[in-house]
Amino acid sequence: MKLTKSQIKQIIKEELSAVMNEAHSGIDEELSYADYDELRQMGDERLMAFGREQLEMKLAELQEEYDDAMNYYRKAPDNAKADTYDFYVFPTEASMEYIREIISQLPEESESF
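All of these numbers come straight from a predicted model, not from anything done at the bench.

Asks: Give a description of the overall build of the protein chain that names residues and reports values.
Replies: Helix and strand content of the protein chain: 4 helices and 0 strands. A total of 113 residues make up the protein chain; the buried ones form 29% of that total. Taking contacts inside the protein chain between residues at least 6 apart in sequence as the whole, the part at least 24 apart equals 67%. As displayed, the protein chain offers around 8,700 Å² of accessible surface, 51% of which is attributable to carbon and sulfur atoms.

Asks: Tell me about helix α3 (residues 36–75), and please be specific about residues and values.
Replies: At 3.6 residues per turn, the α-helix brings residues three or four places apart onto the same side. A rise of 1.5 Å per residue sets the reference length of α3, with its 40 residues, at 58 Å; its end C-alpha atoms lie only 24 Å apart and thus fall more than 12% short of the reference. In α3, a bend of some 105° at Gly 51 exceeds every other bend along the element. Capping the start of α3, Asp 35 holds a side-chain oxygen 3.2 Å from the backbone nitrogen of Asp 37, two or three residues further along.

Asks: Hey, could you go over the nonpolar core for me, with residue numbers and the actual values?
Replies: By size, the foremost hydrophobic cluster in this structure holds 21 residues, and its most contacted members are Leu 31, Leu 39, Leu 47, Phe 50, Leu 55 and Ile 99. Taken together, the elements giving at least two residues each to this core come down to α3 and α4 (81–105). Take this core: its biggest share by element is 11 residues, from α3. Here Ile 99 is in contact with Leu 39, Leu 55, Lys 58, Leu 59 and Leu 62, once residues within four sequence places are set aside.

Asks: Hey, could you go over the packing of aromatic side chains for me, with residue numbers and the actual values?
Replies: Within this structure, the stated rule accounts for 3 aromatic pairs. Linked through ring pairs, Tyr 73, Tyr 85 and Phe 90 together constitute an aromatic cluster. One cation-aromatic arrangement involves Arg 40 over Tyr 98; the distance from NZ or CZ to the ring centre is 4.1 Å. Cation over ring: Lys 81 sits above Tyr 73, and NZ or CZ is 4.8 Å from the ring centre.

Asks: Account for the packing of α3 against α4, with residues named and values stated.
Replies: For the pair α3 and α4, the least separation of the axes is 6 Å and the interaxial angle reads 145°. Like other packed secondary-structure pairs, α3 and α4 cross with a definite hand, here left-handed. Residue classes in the contact of α3 with α4 are distributed as 22 nonpolar, 6 polar and 10 charged.

Asks: Which residues make up the pattern of salt bridges, and what values do they have?
Replies: A pair can form between side chains of opposite charge whenever their charged atoms are brought close. Applying the stated criterion to the full structure yields 1 salt bridge. In this structure, Arg 46 engages Glu 30 in a salt bridge whose closest nitrogen and oxygen atoms are separated by 2.5 Å. One end of the pair, Arg 46, is in helix α3; the other, Glu 30, is in helix α2 (residues 29–33), with 16 residues separating them in the sequence. When its relative accessible area of 40% is taken as the criterion, Glu 30 is described as partly exposed.

Cut-offs applied
Residues numbered from 1 in each chain as written. Predicted model: local features only at pLDDT ≥ 70, side-chain atom pairs only at ≥ 80, totals over all residues. Heavy atoms only, no water. Helix = DSSP H or I, 4+ residues; strand = E, 2+ residues; numbered from the N terminus. Buried < 20%, exposed > 50% of the residue type's maximum accessible area, 1.4 Å probe, protein only. Contact = heavy atoms within 4.5 Å. Areas by Shrake-Rupley, 256 points an atom, 1.4 Å probe, with all protein chains shown as cover. Expected span 1.5 Å × (residues − 1). Bend = angle between axes of the 7 residues up to and from the residue. Polar contact = N/O pair within 3.5 Å; in protein donor to acceptor, adjacent residues only side chain to side chain. Core = buried A, V, L, I, M, F, W, Y, C linked by side-chain atoms within 4.5 Å. Phe/Tyr/Trp six-rings, centres within 6.5 Å; stacked < 30°, edge-to-face > 60°. Lys NZ or Arg CZ within 6 Å of the ring centre and 35° of its normal. Axes fitted to C-alpha atoms, helices over the stretch in contact; angles between N-to-C directions. Left-handed = near helix turned anticlockwise from the far one by under 90°. Nonpolar A, V, L, I, M, F, W, Y, C, P; charged D, E, K, R; others polar. Salt bridge = Lys/Arg side-chain N within 4 Å of Asp/Glu carboxyl O.

Here it is in structure tokens:
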């Protein structure tokens, strides 16, 4: 069976898309939707049980939320900046710091050769 360039490109595109979707959907749903209060309620041990990879995915999600929150904060009128910070920026910052703290408590992963 002979494949054309366009068929090969299409196959690569489909495979890449599938891999990206799988990687994005790999985070635990409970962890993905948890806000700061829910993260704190889960507690350190429960969060550690998710493992480094899941926590790093949550951290990446939070970074995106933080970037969006900061953009919103920068565009907010001066009389709304405090509320914007309190409701959008601060909870995301606090969640990121908490997840970083949990990750720092995890045992180091050993590299296998």
